[in-house]
Amino acid sequence: MRASESNQDYPFAVTNTAAALLDAAGTVLAWTPAAEALLGRRSAEVCGRPAQDLLADARTWEAVLAQGRRGRAAPGRAGPDGPEGPGGPEGSGSRQHSGGWEGRATLRHGSGGELEIGFRVIPLHGADGGPPGRAARCLVLGAPLALVARWRQDHAFTQELFLQGRVGLAVFDQDLRLLRTNTHLLPYTGVPVDLYGRRLADFLWAEDARTIEDRLREVLHDGTPLIGFSTTVRTLDDPRGGRIVTIQAFRLQEPDTQPLGVAAVFTDVTAHERARGRLDLLYRATGALGGSLSVLRTVEDLVEVLAPAFGDCAAVDLAETVLTGGEPPADGPGTPPLIRMAVADTEPEALRTGTTTRFPGAPGGVGAPEERCRGELVTGLGDRTGGDAVPEWAAAVPGAHSAMTAPLCARGVRFGRLTIWRTGDTAPLERDDLALLEEIAARAAVAVDNARRYTKERRTAVGLQRSLLPPATSEKPAVEAAGLYLPADADSGVGGDWFDVIPLSSARVALVVGDVAGHGLHATAMMGRLRSAVRAMADLELEPEELLAHVDDMVVQVASEAETDDPDDADAGLPLPGGPAGATCLYAVYDPVTRTCVMASAGHPPPAVVAPDGSVTYVELSPGPPLGVGGWPFEPVEVGLPPGSVLALYTDGLIERGEGDVDEGMHDLAERLRRADVAGRPLREARHDIVEGLPPGRLRDDVTLLLARTRVVDAGSLATWMLDADPAVVADARHLVLAQLTAWDLDELSFSTELIVSELVTNAIRHAGGPVRLRLIRADSLTCEVSDSSNTQPRMRRARNSEEGGRGLYIVAQLSHRWGSRYTMGGKTVWSEQHLPHL
């Protein structure tokens, strides 16, 4: 026999087989060339000799023959196609076949060595005219024992492959027609029992069959094995869902390497893929739940993940109180229905958001926890007759064949429901799907509860902040003002932005915009403290740079107090959140008489000025450090403003939105101011146009905008006199004031104003000396000012009954709506305001 690599077929095949012809006595009659090559013995050397002489040990002849006798005594032993093969000790067994038997023996090679072979004895009945039924001769076929063992192992392996049922096995010819399969190739509905000669397209969807055949054709053409190719197969009879299979394929070749066909192994991995898909879906759903602190955005992100990955339609229904931060009421007859908050993929009329829905049980906290948090699965919706009750929630999607719902339950409280529907040819929902939905719903409930709590805190902070802000619009003699505040999104939290319009003496007004670092209740509380401090110091009539210096000292003290708090002090309560206590602030004072504005900045961006012609410029400020740094001066800047100019004060949230640098944001703000036409429109309307286009609820930082259109006090409403430091001029001052009030038709204020002027001018001449300036300003109130060169502030005191003097300022205070004094560059000014009579 020639045992070459190109001939690995059945070892006892006729072609190139080592064979010997023996007579009834065991004498070798013929010896083939293949036998000569196998044993290294020539035909002339072997023929005519007993076969026993070929054994390595002639004494084992009887043992070799005994293999044939045992084989004939056991007719039930497996044939050559059975699984039993050679093995064990020499002569330990044989294989009986129809008309012959098999065994093994050790022969002497012509080189002197030993060769273990497997052989097959084929009786030749009736040869040489012998009687029928008796073998006169026999043909002995031989091959190396290792080759015989390998062939038998390969044959047994192949046979077992086609008998096992764990994976599908198929052999295709060159035209990709099925030649042989095991019984479990594709054990699905719609696969014919007899597959011989069929193509995959005969029983699979054309698309699925084409996908598989394209890959098998590649294997057939280039010989590259196909490994780990996964695809979905659906039969023509049962196309819903289908199964997921992994295909391994390799090419079958003839001995001359010509393609014979393709062998493919089909492994059903549907359960594995579905389990992995469920795990992946749970992972993605968990990620979506952690993306926002907004209740609405949380459930919207969730349903976008679930549809269509988990179902053809997904919806979340919540108790209405959840959106406002409240906790759902307990179960009961008066429990309100749920509100549909989010729908994904399909939106039939019944699933539109905002509709009310009712489920088995309502949100709340009554009943056993396992009962409140259990889901419900409904299948076969399309197969139910009119007598079968279908839950209202399950029938909400037309054409759905299955549906399931699970409550959003956390801390034993139900906040709503998560519902999934499947329609069309998708696989029906199963109990495993319901278990996954309940797990997702449990995680969603925690996320919704956290978002609800944050919403409650944020609403509290926003409400606190809005309560600390002044009215959005105001009318002052100096300006027409309109403010606007937009809180940051739910993820960033409410900040510490504020604006203020503070009336000052002499018809002046202070404009303030500030921004506390950080977000949350701590920033809001700090904002309230800063606004109160600025208002208190503005009442002292300080210059802008002085006021910021005092506020800066206050912030430094607050930060120092926070650092010295004892964390172990149980009486101190909960510690405040950490982080910087600093803030930026812009303080500006506008005088409608001089038509000038003096301002100073503590790290705040400069204001924009919109001229009456609509042009926009920014004030060239030299901003100082933010409040809380300490030790640095602030530089004031004075600018002249034509009547009708608009000052735009803002916080950095309006120019820093993550879309570019600050310069680009300021340029964008200037364009917005021009487009809004703030110079020619009411500011209460223009302010909304300026922030139009900003993403509502998506701001990274608070946005605050304060618009102020300047006004002027015309010359006809202003009267000024310079008086000598002589007590005799007090009477002249009274006459001048009375004449001016008569010209202004304010005779009702003559008596009180005469007394106020008399007391203030007398004090200025008596205690300060030098020239005295007297000024009347008619605006929304009547202001009387007396300025002198002294820096001593007047103080009202309670005079004793025996004292003749000391009652002047008391009289001024009683006659005035308000009064006070302020420092000036040349001394001080004492002022008094009276309400104008209603005309």
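Please read all numbers here as calculations on a predicted model, not as lab measurements.

1. A look at the side chain of T270
Here is step 1 of the chain: Checked against the element boundaries, T270 lands in helix 6 (residues 270-289).
Here is step 2 of the chain: Residue classification places T270 among the buried residues on the basis of a relative accessible area of 1%.
Here is step 3 of the chain: Polar side-chain contacts of T270 include one of 2.8 Å to the backbone nitrogen of I244.
Here is step 4 of the chain: With near-sequence residues (within four places) excluded, T270 lies in contact with R243 and I244.

2. Structural notes on the pattern of salt bridges
As a working rule, side chains carrying opposite charge can pair if their charged atoms are close by.
Here is step 1 of the chain: All chains considered together, the criterion is met by 38 salt bridges.
Here is step 2 of the chain: R452 is the salt-bridge partner of E327, the closest N and O atoms lying 3.7 Å from each other. In this pair, E327 sits in the loop between helix 8 (320-323) and strand 13 (338-344) while R452 sits in helix 10 (residues 431-468), placing the two residues 125 residues apart along the sequence.
Here is step 3 of the chain: Given the relative accessible area of 40%, E327 is considered partly exposed.
Here is step 4 of the chain: E785 is the partner of R822 in a salt bridge, and the nearest nitrogen-oxygen pair spans 3.2 Å. Taken together, the residues span a long stretch of sequence, with R822 in strand 32 (residues 818-824) and E785 in strand 31 (residues 781-788) at a distance of 37 residues.
Here is step 5 of the chain: Exposure remark for R822: the relative accessible area of 10% places this residue in the buried category.
Here is step 6 of the chain: Through salt bridges with shared partners, a single network forms among R274, R278, R422, E430 and D433.

3. Structural notes on the nonpolar core
Here is step 1 of the chain: Core analysis: the biggest nonpolar cluster contains 54 residues, and W498, L530, L547 and Y587 have the highest contact counts within it.
Here is step 2 of the chain: Grouped together as the second largest cluster of nonpolar side chains are 43 residues, A288, L377, L408 and I420 included.

4. Considering the side chain of T596
Here is step 1 of the chain: Looking at where T596 falls in the secondary structure, it is placed in strand 23 (residues 596-602).
Here is step 2 of the chain: A polar contact is formed between the side chain of T596 and the side chain of T594, at a distance of 2.8 Å.
Here is step 3 of the chain: Non-local contacts of T596, meaning those with residues more than four positions away in its chain, are made with V589, Y590, D591, E638, V639 and G640.

5. Description of unusual backbone geometry
Here is step 1 of the chain: Backbone torsion omega between A307 and P308 reads 10°, so that peptide bond is classified as cis.
Here is step 2 of the chain: You can see P308 is positioned in the loop between helix 7 (295-306) and strand 12 (313-318).
Here is step 3 of the chain: For L176, which is not glycine, the phi torsion reads 60° and is therefore positive.
Here is step 4 of the chain: The residue L176 is located in the loop between strand 7 (168-172) and strand 8 (178-181) in this model.
Here is step 5 of the chain: At R595, a position not held by glycine, the phi torsion is positive, near 60°.

6. Section: the sheet that holds strand 9 (residues 226-233)
Here is step 1 of the chain: Here 5 strands make up an open sheet; going across it, the order is 8-7-11-10-9 and the pairing antiparallel. Two strands in the sheet have a free side with no partner beyond their single neighbour: strand 8 and strand 9. The mean angle between the axes of side-by-side strands here comes to 30°, regardless of whether they run parallel or antiparallel.
Here is step 2 of the chain: As defined by bridge partners, strand 7 adjoins strand 11 (residues 259-268) across 5 bridges and the pair is classed as antiparallel. Bridging across to strand 11, A170 finds its partner in A264.
Here is step 3 of the chain: Here helix 5 (residues 206-222) sits on the sheet and contacts strand 7, strand 9, strand 10 (243-253) and strand 11; the angle it forms with strand 9, its principal contact strand, is near 165°.

7. Regarding the confidence of the model for the chain
Here is step 1 of the chain: For the chain, per-residue confidence averages 83 on the pLDDT scale, and 82% of positions sit at 70 or higher.
Here is step 2 of the chain: Within the model, the stretch residues 1-8 combines pLDDT values under 50 with 18 contacts to residues more than four positions away or in other chains.

8. Focus: helix 7
Here is step 1 of the chain: An ideal rise of 1.5 Å per residue puts 16 Å on 12 residues; helix 7 measures up with 17 Å between its terminal C-alpha atoms.
Here is step 2 of the chain: Looking only at helix 7, the buried set comprises V295, R297, T298, V299, L302, V303, V305 and L306.

9. Re the packing of helix 6 against helix 7
Here is step 1 of the chain: Contact geometry for helix 6 and helix 7: axes closest at 8 Å, N-to-C directions at 160°. Judged on the interaxial angle alone, helix 7 and helix 6 are roughly antiparallel. Note on packing geometry: the crossing formed by helix 6 with helix 7 is right-handed. Only T298, D301, L302, V305 and L306 of helix 7 make contact with helix 6, whose side of the interface consists of L281, R284, A285, A288 and L289.
Here is step 2 of the chain: Taken together, the residues that form the contact of helix 6 with helix 7 break down as 7 nonpolar, 1 polar and 2 charged.

Criteria and cut-off values
- Residues numbered from 1 in each chain as written.
- Predicted model: local features only at pLDDT ≥ 70, side-chain atom pairs only at ≥ 80, totals over all residues.
- Heavy atoms only, no water.
- Helix = DSSP H or I, 4+ residues; strand = E, 2+ residues; numbered from the N terminus.
- Buried < 20%, exposed > 50% of the residue type's maximum accessible area, 1.4 Å probe, protein only.
- Polar contact = N/O pair within 3.5 Å; in protein donor to acceptor, adjacent residues only side chain to side chain.
- Contact = heavy atoms within 4.5 Å.
- Salt bridge = Lys/Arg side-chain N within 4 Å of Asp/Glu carboxyl O.
- Core = buried A, V, L, I, M, F, W, Y, C linked by side-chain atoms within 4.5 Å.
- Pairing = 2+ DSSP bridges.
- Axes fitted to C-alpha atoms, helices over the stretch in contact; angles between N-to-C directions.
- pLDDT = per-residue confidence, 0-100.
- Expected span 1.5 Å × (residues − 1).
- Parallel < 35°, antiparallel > 145°, perpendicular 65-115°, else oblique.
- Left-handed = near helix turned anticlockwise from the far one by under 90°.
- Nonpolar A, V, L, I, M, F, W, Y, C, P; charged D, E, K, R; others polar.

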